[in-house]
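Here is what each chain is made of, one letter per residue.
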Amino acid sequence: IAALMSFASFGFLLALLPAALLGFRVAAALGPAAAMTWLILCSLAFYPTEHLPVLFLSLLANALIGHRIRSAEDRPRAQTLWLSLGIAANLAGLAAGRSLGSVPPGLSFVAFTQIGWLLDQRGAPAGARRFLHYPLLVLFFPHLIAGPILRVRDVEAPFADPATWRVS
């Protein structure tokens, strides 16, 4: 099973990093959504190909559960139920992967970032989060191995600031 790309590897230094920077420069000229999409695509290149289906399924499931948590803002018991389900599903996925010996460190990091994201959905209005913020928060390759686990409250303001997505 392929490991995560290393920041010190030639593949990262000679291919992914230059492509990410040059592509970001082009995408940023098209606007924040293009820049975020480009960074998400570059981040996906960091993961072993055989883990992408599980990663996509995990992103989709957590996005749906997060939506349910936000939609139940006036029903705390329903929020707690959805939050508990999301945390349990993420931990069960990690446990299953560990028992099969197939969870690279980056995917466990993704699971814990998603748990943090689900926790942050409590108290967030139903339409508060922008669509591309979630996968970028979870997948963004520079923080993937280096850490720390990011929380929505730490990156929401910079993500929403148009200046973040302009090359300077």
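Look up a bit, the structure's there.
A description of the overall build of the protein should follow, citing residues and the corresponding values.
Regarding its fold elements, the protein presents 8 helices and 0 strands. Listed by position from the N terminus, the elements making up the protein come as α-α-α-α-α-α-α-α. The buried share of the protein, reckoned over its 168 residues, is 42%. Across the protein, the fraction of contacts at a sequence separation of at least 24, relative to all contacts at a separation of at least 6, is 72%. For the protein, the exposed surface amounts to about 9000 Å²; the carbon and sulfur share of it is 71%.

Talk me through the environment of Leu81; I want residue IDs and the actual numbers.
The residue Leu81 is located in helix α4 (residues 76-100) in this model. In this structure the C-alpha to C-alpha distance between Leu81 and Ile69, which are 12 residues apart in sequence, comes to 8.6 Å.

Tell me about the nonpolar core, and name the residues and values.
Core analysis: the biggest nonpolar cluster contains 34 residues, and Tyr47, Leu55, Leu136, Leu139 and Trp165 have the highest contact counts within it. When contributions to this core are tallied by element, the ones reaching two or more residues are α1 (10-30), α2 (32-44), α3 (52-71), α4, α5 (105-121), α6 (133-139) and α8 (152-160). With sequence-adjacent residues up to four places away left out, Leu139 is seen in contact with Ile40, Ser43, Leu44, Tyr47, Leu55 and Leu59.

Residues and numbers for the layout of surface pockets, please.
In this structure, the largest pocket spans a volume of roughly 420 Å³. As for the largest pocket, its lining consists of 23 residues, and the residues nearest its centre are Val54, Ser58, Asn90, Gly93 and Leu94. When residues of the lining of the largest pocket are traced back to their parent elements, those giving at least two are α3, α4 and α5.

Reading guide: rules and limits
Residues numbered from 1 in each chain as written. Predicted model: local features only at pLDDT ≥ 70, side-chain atom pairs only at ≥ 80, totals over all residues. Heavy atoms only, no water. Helix = DSSP H or I, 4+ residues; strand = E, 2+ residues; numbered from the N terminus. Buried < 20%, exposed > 50% of the residue type's maximum accessible area, 1.4 Å probe, protein only. Contact = heavy atoms within 4.5 Å. Areas by Shrake-Rupley, 256 points an atom, 1.4 Å probe, with all protein chains shown as cover. Core = buried A, V, L, I, M, F, W, Y, C linked by side-chain atoms within 4.5 Å. 1 Å grid on protein atoms, 1.4 Å probe; cavity = no way out; pocket = protein on both sides within 12 Å on 5 of 7 lines; lining within 4 Å. Points joined across faces, edges and corners; volume = space filled by probe spheres on them.

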